[in-house]
Structure formats: C-alpha cells, structure tokens
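# Structural overview
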Amino acid sequence: MILMDAHTLPPHDKAQLTHELLNQEYKRLKLEPRRSHMHELISTMLSHRTNHKDEEKAYHTMLERFGDWEGIMKADFDALADAIQTTRYPEQKVPQIQQTLRMIKEERGEINIDFLEDMPVDEALNWLTKLPGVGLKTATLVLLFNFKKPVMPVDTHVFRISQRVGLIGAKATANKAHAILLEMLPQEPVELYNFHKHMLRHGQRICTFFSPKCEECVLNSICNYYQDVRQKGIDKAA
C-alpha cells in the first residue's frame, strides 16, 4: 500500500518503490547474455540514435559482407558505411568501429573482450570508455548484460522516467545519473538488470516522451511530474 503524498518521499525511497512497482507490473527477467560479447559491444555502438530493427540489420549486413572482425577492421570506408547505412550517422560510426577493433587487437593480440570478465568494475569501465564511440551508457550496458557486473546503464528512457518521478534532479546529466541511481538500488546485477529493462519497457509503453499515459502508470502515486504538473493541469500540451 502506497501512502498519500508518496511523491514527497526521498529519492532513495522512491527508487526502491519504483523498482518494486515495476517488478510487479512487468515479468521479472533472468540475466543471461542475449548475444556474444563483441556482438553486444559493436551493436550497441551501432544503436546510437537508431532503432533495434535497423541496428540488427546493419550488424548482420556488415558481417555478411566482410566475414569477420578482421574483415570489418580492414574494410573500405565507403563500403562499410554502405553496409551500415540503416543506422544514423554511419560516416561517424565507421571510423569509431574500425579504430575500436584495431585498439582491441593491438592491446590484446586478438579481437576479443572476454578478458573483461576478470577485470574489476572501475578498471573495466575505464578500459571500455577509452575506446572511440564508447561512452558510459555503452560500457555499462556491455558490463551488465554480458559480464553481470553491478553497474547501472542509463538510456533515454531510464533518464526520462527517473527525472519525472524524482529519482534524480532536473539538472542531473545522464552520465551523473549512472552513479546516482546505482547508489539507490540493490547492488545485485540481476536487480539492476530488471530495473533497467523495466524502465526501458515502461518508457516505450507508458512514460513516453510525448503524451505520457500518466493515468495508466503504476508510478503515478510517487511521480513528481504526475502529482505536481499533470494533476494540476499545468502540462496542457501533453
């Protein structure tokens, strides 16, 4: 049972409630890698500002045309850009992907990131974010999804819902949100994974960027946006 004025609870308590409510709303998931380590890394790089269907098409077209990571690393720029043309900004992603593959091979002797399994979290995050085109969101996603490390990936859905509900402040950046949310949540990777996946689904279905379906939302009793904006009719355009 949620108390009246629950939206005034401290952010830490709201984060716990958010996790519990979304666990009830959506089926809990097992944390198992959905694809190989290198596939996850490169596909996540391809996914920037690109939907999942187009990201997957680009990934598979790239491998079909060039065979393996070595072939992709040595591919002609224009040919590789054409192979990943279903993604946004392919001209930016080609040099990032090729340089990432070169850096991995030069440092490790092969194009493989399995070694991250045994690397401490902070060291692994630092190593990944030195790769071109790999930011904190990509690094945390790879480490949580594939290596079951206790990190909190913050995509656009996690960030938007966290601000609306009041888990993070209006001035918090997406990069800062990774650490803020991680501190508030259980440190077990499977819990962090479910929080991330449930927030993603909730952001796609209910707490959308335009015209969020607040009346259908299981979080509305604790949500700052719903209680302080929508309920008071301030957000007439939504």
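In what follows, the accompanying structure is described. Here the residue index of a chain counts from 1 through its sequence in written order. It should be noted that, the model being predicted, local features are given only for residues of pLDDT at least 70 and side-chain atom pairs only at 80 or more, the latter also being counted only at that level, while totals for whole chains, interfaces and linings use all residues. Hydrogens and water molecules were not included; the side-chain quantities draw on all heavy atoms of the structure.

### Quick look at the overall build of the protein
Secondary structure summary: the protein contains 12 helices and 0 strands in total. Here a helix means four or more residues in a row that DSSP labels H or I, a strand means two or more in a row labelled E, and each is numbered from the N terminus. In the protein, the order of α-helices and β-strands from amino to carboxyl end is α-α-α-α-α-α-α-α-α-α-α-α. Relative to its length of 238 residues, the protein is compact, with a C-alpha radius of gyration of 20 Å against a globular reference of 18 Å. Projected onto its principal axes, the C-alpha positions of the protein cover 60 × 40 × 30 Å. In this scheme, a residue with accessible area under 20% of its type's maximum is buried, one over 50% is exposed, and one in between is partly exposed, where area comes from a 1.4 Å probe on protein chains only. The proportion of buried residues among the 238 residues of the protein is 49%. Contacts between residues were defined by any pair of non-hydrogen atoms, one from each residue, lying within 4.5 Å. Contacts in the protein between residues at least 24 apart in sequence constitute 63% of all its contacts with a sequence separation of at least 6. Considering the protein, the positive charge centre built from 31 side chains and the negative charge centre built from 32 side chains are found 5 Å apart. This radius of gyration counts C-alpha atoms alone. The globule rule is 2.2 Å times how many residues there are, raised to the power 0.38. Charge convention: Lys and Arg are scored as positive, Asp and Glu as negative, and His as well as the terminal groups of each chain are ignored. A single reference atom marks each charge: NZ on Lys, CZ on Arg, CG on Asp, CD on Glu.

### Observations regarding the pattern of salt bridges
When a carboxyl oxygen of Asp or Glu lies within 4 Å of a side-chain nitrogen of Lys or Arg, that pair is called a salt bridge. Scanning all chains against the criterion turns up 10 salt bridges. For Arg65, the salt bridge identified is with Asp82, shortest N-O distance 2.6 Å. Remark: Asp82 occurs in helix H5 (residues 77-83) and Arg65 occurs in helix H3 (residues 52-66); sequence separation between them is 17 residues. Judged by relative accessible area, which is 46%, Arg65 ranks as partly exposed. On the accessibility criterion, Asp82 (36% relative accessible area) is partly exposed. One salt bridge connects Glu215 with Arg230, and the closest N-O pair in it is separated by 3.9 Å.

### Here we look at the layout of surface pockets
Within this scheme a cavity is a closed region of a 1 Å grid, computed over the protein atoms alone, that accommodates a 1.4 Å probe without allowing it to escape, whereas a pocket is open but has protein on both sides within 12 Å along at least five of seven lines; lining residues each have an atom within 4 Å of a point. Grid points are joined across faces, edges and corners, and a volume is the space filled by probe spheres set on the points. Here the largest pocket is characterised by a volume of approximately 1,200 Å³. Considering the residues around the largest pocket, the lining is formed by 40 residues, among which Ser47, His48, Lys137, Asp155 and Thr156 are closest to the centre. Contributions of two or more residues to the lining of the largest pocket are made by helix H2 (37-46), H3, helix H6 (90-108), helix H8 (136-147), helix H9 (156-165), helix H10 (174-184) and helix H11 (189-205). Here the element with the most residues in the lining of the largest pocket is H11; it accounts for 6 residues. Taken together, the residues that form the lining of the largest pocket break down as 11 nonpolar, 18 polar and 11 charged. Amino acids outside the nonpolar list (Ala, Val, Leu, Ile, Met, Phe, Trp, Tyr, Cys, Pro) and the charged list (Asp, Glu, Lys, Arg) are all regarded as polar, and Gly is one of them.

### Focus on H6
What a helix is expected to span follows from its residue count: subtract one and scale by 1.5 Å. Compared with the 27 Å implied by 1.5 Å per residue over 19 residues, the 26 Å span of H6 between its first and last C-alpha is a close match. Among the residues of H6, those classed as buried are Pro90, Lys93, Val94, Ile97, Gln98, Thr100, Leu101 and Ile104. The arc that holds every buried residue of H6, seen down its axis, measures 155°, which confines them to one face. Within two residues after H6, Gly109 carries a phi angle of roughly 85°, on the positive side. In this description, one arc is meant: the one made by directions from the helix axis to the C-beta atoms.

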